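# Topology and contacts: notes
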Amino acid sequence: GESVGLHLPTLSVQEGDNSIINCAYSNSASDYFIWYKQESGKGPQFIIDIRSNMDKRQGQRVTVLLNKTVKHLSLQIAATQPGDSAVYFCAENGSSNTGKLIFGQGTTLQVKP
Amino acid sequence: DSGVTQTPKHLITATGQRVTLRCSPRSGDLSVYWYQQSLDQGLQFLIQYYNGEERAKGNILERFSAQQFPDLHSELNLSSLELGDSALYFCASSVSIPNEKLFFGSGTQLSVL
């Protein structure tokens, strides 16, 4: 079935370093992708999204890269801070146009001081 | 604060019981989504409503049902509860469909004992 997977379950980085979180998606019909951050005890929080007509999109300290050829998505966080420690989920819209999102399993980002 | 309100925050009940989870979407959002989050399954899409009508259905058990009322708030009903139903249940909303970011509430933690 449809699935979105993450390569690494846990990523540990030093404060101030850049972080890269990767995601593979399986549905080639997906044309909308999104990254969420989830802190303990809270709901997923929108970080950045990208549509399939783009390869790259930048936000504040974050960049999302989309490689449709290999069905790969990545989230880059510049100058990682302790407040970035959370679980990060990628999601795709799949082959439907209802608006629902299909989530990956999540990557835990740990920022070491 | 995402603007999506979920109540209650915590719910403890026994097997075989029935509970109702409530969600108020962001002001102006017509679409409501329900997701289940457990440790081994990640965020699983359950069901979506748009302006009172069911729009999409995921892996929702027959023991579970939902509805969206004229004021756009939604309720998720879980009956004949089993231990395995223990999870975080999130509601999300979006302005329109398709391909828009979802805004998530803080979730309801359901514990079935």
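Now for a look at the structure at hand. Fair warning: this is a prediction, and the values are worked out from it, not measured in the lab. Every chain is numbered independently, its residues counted from 1 as its sequence is written. Numbering of ligands from 1 and lettering of chains from A proceed in the order in which they are written. For this predicted model, a pLDDT threshold of at least 70 governs which residues receive local features, and a threshold of 80 or more governs which side-chain atom pairs are given and counted, while totals over whole chains, interfaces and linings are taken from all residues. Side-chain measures here rest on the full set of heavy atoms in the structure, leaving out hydrogens and waters.

## Notes on the overall build of chain B
Here is the rule: The way it works is that DSSP assigns letters per residue, a run of H or I at least four long becomes a helix, a run of E at least two long becomes a strand, and they are numbered from the N terminus. Values of the radius of gyration come from C-alpha atoms, whereas the globule rule sets the reference at 2.2 Å times the count of residues to the power 0.38. Here's how the labels work: a residue is buried when its accessible area is under 20% of the maximum for its type, exposed when over 50%, partly exposed in between, all with a 1.4 Å probe on protein chains only. Residue contacts are counted whenever heavy atoms from the two residues lie within 4.5 Å of one another. Every accessible area reported is derived by Shrake-Rupley at a probe size of 1.4 Å, with residue values counting cover from the shown protein chains alone.
The helix and strand inventory of chain B stands at zero helices and 11 strands. Across chain B, helices and strands are ordered from the amino to the carboxyl terminus as β-β-β-β-β-β-β-β-β-β-β. For 113 residues, the compact-globule formula gives about 13 Å, and the C-alpha radius of gyration of chain B, at 13 Å, lands near that figure. Along the first, second and third principal axes, the C-alpha atoms of chain B reach 35 × 30 × 25 Å. In chain B, which comprises 113 residues, the proportion classed as buried is 49%. Long-range contacts, defined as pairs at least 24 residues apart, comprise 54% of the intrachain contacts of chain B with a sequence gap of at least 6. Accessible surface computed for chain B: about 5,400 Å², of which carbon and sulfur atoms make up 47%.

## Observations regarding the sheet that holds strand β7 (residues 64-68) of chain B
All names here are of chain B. Put simply, the rule is: DSSP bridges decide pairing: two strands pair if at least two such bridges lie between them. Axis geometry follows a simple rule: fit a line to the C-alpha atoms, using only the stretch in contact for helices, then measure angles between N-to-C directions, giving values from 0 to 180 degrees.
Strand order in the open sheet formed by four strands is β1-β3-β8-β7, with antiparallel pairing between adjacent strands. Looking along the sheet, the strands with just one partner apiece sit at the ends: β1 (5-7) and β7. Going across the sheet, the axis of each strand differs from the next one's by a mean of 15°, ignoring polarity. The sheet contact formed by β7 and strand β8 (residues 74-78) spans five bridges and is antiparallel. By the bridge assignment for β8, S65 is matched with N77.

## Comments concerning the packing of aromatic side chains
Note the cut-off: We call Phe, Tyr and Trp rings a pair once their centres come within 6.5 Å, taking the six-membered ring for Trp, and we label the pair stacked below 30 degrees between planes, edge-to-face above 60, and tilted otherwise. Lysine and arginine charges are scored as sitting over a ring when NZ or CZ, respectively, is within 6 Å of the ring centre and within 35 degrees of the ring normal.
Enumeration according to the criterion identifies 10 aromatic pairs over all chains in this entry. Plain terms: the ring middles of F89 of chain A and F103 of chain A are 6.2 Å apart, the flat faces sit at 80° to each other, and that makes the pair edge-to-face. One end of the pair, F89 of chain A, is in strand β9 (residues 86-92); the other, F103 of chain A, is in strand β10 (residues 102-103), and 14 residues separate them in sequence. Across the pair, F103 of chain A and F89 of chain A agree in class, each one buried. A ring pair is formed by Y35 of chain B and F104 of chain B, whose centres lie 5.6 Å apart and whose planes are at 50°; its orientation type is tilted. With Y35 of chain B in strand β4 (residues 31-38) and F104 of chain B in strand β10 (residues 103-104), this residue pair connects regions lying 69 residues apart in the sequence. The same class applies to Y35 of chain B as to F104 of chain B, namely buried. Taken together through their ring pairs, the aromatic side chains of Y36, F89 and F103 of chain A together with Y35, F45, F90 and F104 of chain B make up a single cluster. Just above the ring of F103 of chain B sits the side chain of R26 of chain B; from NZ or CZ to the centre is 3.7 Å. The ring centre of F46 of chain A lies 4.7 Å from the NZ or CZ of K101 of chain B, which sits over that ring.

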